[in-house]
Amino acid sequence: MAMKEEKVDEIDERMLEGFIIDSDWLAENYENIRTKHLEKFVAVKNKKVIAESQSIGELQELLKKQGVDPRTTLVDFMLPKDTILFL
Amino acid sequence: MVVKSYGGGPKPFARVFLIASKYRVLGFLHPFVDTGAPLTCLSSTDAERLHVPFNVLSAHTPRPTVHYIGGLSFWAYPMENVTLKTSDEDSKEEEFILNPIYALKLTKKDNESIQRARLIPSILGMDFLTKYRFTLNFNLDKKIANITKP
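### Side note on the packing of aromatic side chains
Residue and element names in this part refer to chain B.
So, step 1. Enumeration according to the criterion identifies twelve aromatic pairs over all chains in this entry.
So, step 2. Centre to centre, the rings of F128 and Y132 are 5.7 Å apart; their planes meet at 50 degrees, and the pair counts as tilted. Here F128 matches Y132 in class, with each residue buried.
So, step 3. Pairwise contacts between aromatic rings join F96, F128, Y132 and F134 into one cluster.
So, step 4. Over the face of the ring belonging to F13 we find K4, whose NZ or CZ atom lies 4.4 Å from the ring centre.

Structure representation (structure tokens):
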């Protein structure tokens, strides 16, 4: 059964701290996670990949089913191998 | 900030909470700090994730400018008075206001463009660094990055 989606009207310090911890964890484990989830969006919460999908729309649906708000979740795209990006 | 291997080498990324009250948009962002980018923008995928109301933005800006990023073209819709919250190295919360930040939307909706747009991150550009007189310090050997005031 899906949990009730968390409400986000404002940020508290713990949320930002949690996001930063997840971000550090993803950076530290980036190559490993990228290899496992190549060319997919991944959602990270509490140092875990909790969902993956090739499209951001589908990932949002997967997160909502888990009761997780995509807006307050670290979402990143795992680039294809050997991609050189000129921005 | 965090340094992550992205698109061919280590790059600095910020961690911010974005609030655009006027448009009821908020959420976490992981923008690439790009000293080669003049403007700050919300990638098309982050814009979708944060539920940016493009119908509202297009009513205010019927003729948005076009931004070219990573070989793709995007309509760039300005969002006014956007607050970015972050925390410094001592975990002290800091707040910055940018006016505007641009929300990106692909000009072409073909499958190839959609696939390629997934690679483009949100960008924290020189408008942010200049407004707050920040300097980006980026140590490639140690993979450490931070922004400081002079």
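Next comes the rest of the account.
### Observations regarding the interface of chain A and chain B
So, step 1. Taken together, the 35 residues of chain A in the interface contact 33 residues of chain B.
So, step 2. Between chain A and chain B lies a buried interface of about 3,100 Å² when both sides are counted; carbon and sulfur atoms form 66% of it.
So, step 3. Our count for the chain A to chain B interface comes out at two salt bridges.
So, step 4. We note a salt bridge from K4 of chain B to D76 of chain A, for which the minimum N-O separation is 2.3 Å.
So, step 5. There are ten residue pairs in polar contact (both at pLDDT 80 or more) connecting chain A and chain B.
So, step 6. Only α1 (13-28), α2 (30-36), α3 (56-65) and β3 (74-77) of chain A provide two or more residues apiece to the side of chain A that touches chain B.
So, step 7. In terms of residue count, α1 of chain A provides more of the side of chain A that touches chain B than any other element does, eight residues in total.
So, step 8. Classifying every residue of the side of chain A that touches chain B by side-chain character gives 20 nonpolar, seven polar and eight charged.

### Side note on the pairing of strand β7 (residues 65-69) of chain B
All names here are of chain B.
So, step 1. Inspection of the sheet shows β7 paired to strand β8 (residues 72-79) by five bridges, in the antiparallel sense. Along β8, the bridge assignment pairs V66 with W75.
So, step 2. Hairpin connection between β7 and β8: a loop of two residues separates the two successive antiparallel strands, and G70 in this loop has a positive phi of roughly 55 degrees.

Reading the values: rules and limits
- Residues numbered from 1 in each chain as written.
- Chains lettered and ligands numbered in written order.
- Predicted model: local features only at pLDDT ≥ 70, side-chain atom pairs only at ≥ 80, totals over all residues.
- Heavy atoms only, no water.
- Phe/Tyr/Trp six-rings, centres within 6.5 Å; stacked < 30°, edge-to-face > 60°.
- Buried < 20%, exposed > 50% of the residue type's maximum accessible area, 1.4 Å probe, protein only.
- Lys NZ or Arg CZ within 6 Å of the ring centre and 35° of its normal.
- Contact = heavy atoms within 4.5 Å.
- Buried area = accessible area lost by both parts, 1.4 Å probe.
- Salt bridge = Lys/Arg side-chain N within 4 Å of Asp/Glu carboxyl O.
- Polar contact = N/O pair within 3.5 Å; in protein donor to acceptor, adjacent residues only side chain to side chain.
- Helix = DSSP H or I, 4+ residues; strand = E, 2+ residues; numbered from the N terminus.
- Nonpolar A, V, L, I, M, F, W, Y, C, P; charged D, E, K, R; others polar.
- Pairing = 2+ DSSP bridges.

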